[in-house]
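Residues per chain, in single letters:
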Amino acid sequence: QVQLAESGGGVVEAGGSLTLSCLTDETIFKTYDMAWYRQPPGKQREFVARWRSNDRTNYADFTKGRFTLSKTLKTNTFLLYMNRLTPDDSGLYYCSATRESSPGEEYWGQGTQVTVSS
């Protein structure tokens, strides 16, 4: 029943920008923590940014000054604006939904591929 649909990935030149979208339903959007994670080729999944249900946000250090989260309430869309991309930003980007009251409960989308050329 819980569905997360990522989109917006693609191929971009270093220094370019890309916007990722995560579409979900109203209940998930309003009550769960929403976050972006990424997995570079051959590496472990890593945290990118999170928008908590209390509306506080958290960003990984490598995103500072380059990545920005946004939420569009009308369409239940969770956005990640990415600027000044580098080849190190390449990877499969996932949208997740979690509940702080239930640590073992987590949902993931299928991912969207981001490739930054040098």
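To be clear, the structure that these remarks concern was listed above.
Residues numbered from 1 in each chain as written. Predicted model: local features only at pLDDT ≥ 70, side-chain atom pairs only at ≥ 80, totals over all residues. Heavy atoms only, no water.

Considerations on the overall build of the chain
Rule in force here: Secondary structure elements are defined from DSSP: runs of H or I of at least 4 residues count as helices, runs of E of at least 2 residues count as strands, and each element is numbered from the N terminus. Both definitions apply: the radius of gyration is a C-alpha atom measure, and the globule rule equals 2.2 Å times residues to the power 0.38. Exposure is judged per residue with a 1.4 Å probe applied to protein chains only, and the accessible area is read against the type maximum: over 50% gives exposed, under 20% gives buried, and values in between give partly exposed. Residue contacts follow a heavy-atom distance rule, with two residues in contact if any of their heavy atoms lie within 4.5 Å. Per-residue and other accessible areas follow the Shrake-Rupley method at a 1.4 Å probe size, with only the shown protein chains counted as cover for residues. By the counting rule applied here, Lys and Arg register as positive and Asp and Glu as negative, while His and the ends of each chain are not counted. Here the site of a charge means NZ on Lys, CZ on Arg, CG on Asp, or CD on Glu.
Within the chain one finds one helix and 11 strands. Reading the chain from its N terminus to its C terminus gives the helix and strand order β-β-β-α-β-β-β-β-β-β-β-β. On C-alpha atoms alone, the chain measures out to a radius of gyration of 14 Å, which is about the 13 Å that the 2.2 N^0.38 rule sets for 118 residues. Viewed in the frame of its principal axes, the chain has a C-alpha envelope of about 40 × 30 × 25 Å. By residue count, 41% of the 118 residues in the chain fall in the buried class. Sequence separation of at least 24 residues holds for 52% of the intrachain contacts in the chain that already meet a minimum separation of 6. Split by element, the accessible area of the chain, about 6500 Å² in all, is 46% carbon and sulfur. On the chain, the mean spot of the 13 positive side-chain charges and the mean spot of the 13 negative ones are 4 Å from each other.

A word on the pairing of strand β5 (residues 46–51)
Using the following cut-off: The pairing criterion for strands is at least two bridges between them, as found by DSSP.
Summarising the sheet, strand β4 (residues 33–39) and β5 pair through five bridges and their orientation is antiparallel. Across the sheet, Y37 pairs through a bridge with F47, a residue of β5. Between the end of β4 and the start of β5, which pair antiparallel, lie six residues, with G42 showing a positive phi angle near 75°. The turn linking β5 back onto strand β6 (residues 57–59) is made up of five residues, and D55 within it adopts a positive phi angle of 75°.

A short note on the sheet that holds strand β7 (residues 67–72)
Quick note on the threshold: Axes here mean lines fitted to C-alpha atoms, for a helix over just the part in contact, with angles spanning 0 to 180 degrees between N-to-C directions.
With respect to topology, four strands assemble into an open sheet ordered β1-β3-β8-β7, the strand pairing being antiparallel. Bordering the open sheet on either side are β1 (5–7) and β7, each of which pairs with just one other strand. Pairs of neighbouring strands in the sheet enclose a mean axial angle of 15°, with direction left out of account. Sheet topology places β1 next to strand β3 (residues 18–23); three bridges connect them, and they run antiparallel. In the strand pairing of β3, S7 is matched with S21.

Concerning the pattern of salt bridges
Our working rule: The term salt bridge refers to a pairing of a side-chain nitrogen on Lys or Arg with a carboxyl oxygen on Asp or Glu at a separation within 4 Å.
Tallying each qualifying case throughout the model produces seven salt bridges. Across the pair K30 and E26 runs a salt bridge, and its minimum N-O distance is 2.8 Å. Here K30 pairs with E26, and both are found in helix α1 (residues 26–31), just four residues apart, close to one helical turn. Linking R99 and E105 is a salt bridge whose minimum nitrogen-to-oxygen distance equals 2.9 Å. Each of R38, E46, R66 and D89 takes part in one network of salt bridges that share partners.

So, the state of the cysteines
As a reminder of what qualifies: Here, two cysteine sulfur atoms that lie within 2.5 Å of each other are counted as a disulfide.
As enumerated under the stated definition, the model contains one disulfide in all. Linked covalently through their sulfurs, C22 and C95 form a disulfide whose S-S length is 2.0 Å. Around the S-S axis, the bridge from C22 to C95 shows a dihedral of about -80° and counts as left-handed. Placement of C22 in strand β3 and of C95 in strand β9 (residues 91–99) is noted, with a sequence separation of 73 residues between them.

Re the nonpolar core
Filter applied, for reference: Each nonpolar core is a collection of buried residues, namely Ala, Val, Leu, Ile, Met, Phe, Trp, Tyr and Cys, held together in the definition by side-chain atoms within 4.5 Å.
Among the nonpolar cores identified, the biggest contains 23 residues, and M34, W36, F78, L80, M82 and Y93 are the most heavily contacted of them. Secondary-structure elements contributing two or more residues to this core are β3, β4, β5, β7, β8 (77–82), β9 and β11 (112–117).

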